[in-house]
Amino acid sequence: MRYLGCHLSAASGFAAAVDTAKSIGANTFAFFTRNPRGSKAKAEDAADAALAMDKLGNYGFGPLVAHGAYTMNLCTADADARAFAADILADDLRRMAALPGNLYNFHPGSHVGQGEEAGIGYIVDALKKAIAPGYPVTVLLETMAGKGSEIGGSFESLRAIIDGVGSNDIGVCLDTCHVYDAGYDIVNDLEGVLQEFDRVIGLHWLKALHLNDSKNPFASHKDRHECIGKGSLGLETFRAIVNHPALQGLPMILETPNELAGYQKEIELLNSL
Ligand code: FE
Ligand code: FE
Ligand code: ZN
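What you see is a predicted model; the values in this text were computed from it and never measured. (Residues numbered from 1 in each chain as written. Chains lettered and ligands numbered in written order. Predicted model: local features only at pLDDT ≥ 70, side-chain atom pairs only at ≥ 80, totals over all residues. Heavy atoms only, no water.)

Participant: Mind showing me how you'd approach the coordination of the iron ion (ligand 1) here?
Facilitator: Under perfect tetrahedral coordination by four donors, a metal shows angles of 109.5 degrees; under perfect octahedral coordination by six donors, it shows angles of 90 or 180 degrees. For the iron ion (ligand 1), the full set of protein donor atoms is His67 (NE2), His107 (NE2) and Glu142 (OE), at a range of 2.1 to 2.2 Å. Mapped onto the polypeptide sequence, the residues donating to the iron ion (ligand 1) form the spacing pattern H-x39-H-x34-E. Between the iron ion (ligand 1) and the iron ion (ligand 2), a spacing of 3.1 Å is present, and a bridge between the two is formed by Glu142. Placement of His107 in the loop between β3 (103-106) and β4 (109-110) and of Glu142 in strand β5 (residues 138-142) is noted, with a sequence separation of 35 residues between them. Of the two residues, His107 and Glu142, neither departs from the other in class, the shared state being buried. (Donors = N, O, S within 2.8 Å, 3.2 Å for Na, K, Ca; no water. Helix = DSSP H or I, 4+ residues; strand = E, 2+ residues; numbered from the N terminus. Buried < 20%, exposed > 50% of the residue type's maximum accessible area, 1.4 Å probe, protein only.)

Participant: Quick question: what am I supposed to make of the sheet that holds strand β11 (residues 251-254) here?
Facilitator: The strand order β1-β11-β8-β7-β5-β3-β2 describes an open sheet built from 7 strands, whose pairing is parallel. Two strands bound the open sheet, and with one partner strand each, they are β1 (3-6) and β2 (65-67). Taken over all neighbouring pairs, the strand axes of this sheet differ in orientation by 30 degrees on average, direction set aside. Of the strand pairs in this sheet, strand β7 (residues 170-175) and strand β8 (residues 206-211) are connected by 4 bridges, and their pairing is parallel. Across the sheet, the residue bridging to Asp175 is His210, located in β8. Here helix α9 (residues 260-272) sits on the sheet and contacts β1, β8 and β11; the angle it forms with β1, its principal contact strand, is near 160 degrees. (Pairing = 2+ DSSP bridges. Axes fitted to C-alpha atoms, helices over the stretch in contact; angles between N-to-C directions. Contact = heavy atoms within 4.5 Å.)

Participant: Is there a simple way to think about the coordination of the zinc ion (ligand 3) in this case?
Facilitator: The protein atoms that coordinate the zinc ion (ligand 3) are His178 (NE2), Asp223 (OD) and His225 (NE2), at distances of 1.9 to 2.3 Å. In terms of primary sequence, the donors binding the zinc ion (ligand 3) are separated according to H-x44-D-x1-H. The metal-metal distance between the zinc ion (ligand 3) and the iron ion (ligand 1) comes to 5.1 Å. A residue pair is termed long-range when its members are at least 10 positions apart, and His178 in helix α6 (residues 176-182) and Asp223 in the loop between β9 (213-214) and β10 (225-226) qualify at 45 residues. Residue His178 shares its accessibility class with Asp223, and that shared class is buried.

Participant: How do you make sense of helix α7 (residues 190-200) when you look at a structure like this?
Facilitator: Owing to its 3.6 residues per turn, the α-helix brings residues three or four apart onto one side. Among all positions of α7, only Leu190, Val193, Leu194, Phe197 and Val200 are buried. Here the buried residues of α7 occupy an arc of 135 degrees about the axis, which is enough to place them on one side. Structural note: α7 exposes Gln195 and Arg199 on the side pointing more than 90 degrees away from its buried face. Among the residues trailing α7, Gly202 stands out with phi positive, at a value near 110 degrees. (Arc of directions from axis to C-beta.)

Here's what the structure looks like:
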């Protein structure tokens, strides 16, 4: 099964977002759990979440891939800011439990000069505190472009977080723009990169993908998303990805610079490959 979707607003509720996704030919989607550039979250609505769960089942959707706020840096240098970020993570996970069986993805964080090892330690601490045993949502670490002091630009750093947390309720979301910008050549050697992912992390930890072309060249460590087929990855790379046997059944989310109509066209394009 191929699950394709895009980022959608959940401002009018999850159930409405499921219908919007269906209307553009998507069978999964992503949404921000709170203001992506701030920390404010909307009021919880259990009836809406239950209705959304019904619709997801009835429509045969794949898992949703929620996204944590960009501002949530679990390994920032200031202890108070770090504790605030950890509280935000815990609150996000508590809220996400209303949508059991789905996925929650976030950016591991930037260590801002403290070093990767210290940063990974803080991320692990926050995750251990936030994930209770039997938690119904899988928490995903996103592969990052390695911009500045970003953690997650190497498969090894994600492996270290997974090992540190020691839970099965965790996984990885592979962002195509980010890994290419980070120096994993999925254009010329997708097979080799997936083998490397398998060797370092293990492919069974891969639970979702973000499908984005890149505005920048290989290994640029930049992180600027481009529309599918219009950047340095190119359409053939996406043809290989959406048809790769190891990636079947994983939700694939577009985070390209588009409005709804543009996303609909990209989903049609990817489905035609
Ligand atoms: Fe992201
Ligand atoms: Fe992403
Ligand atoms: Zn990005």
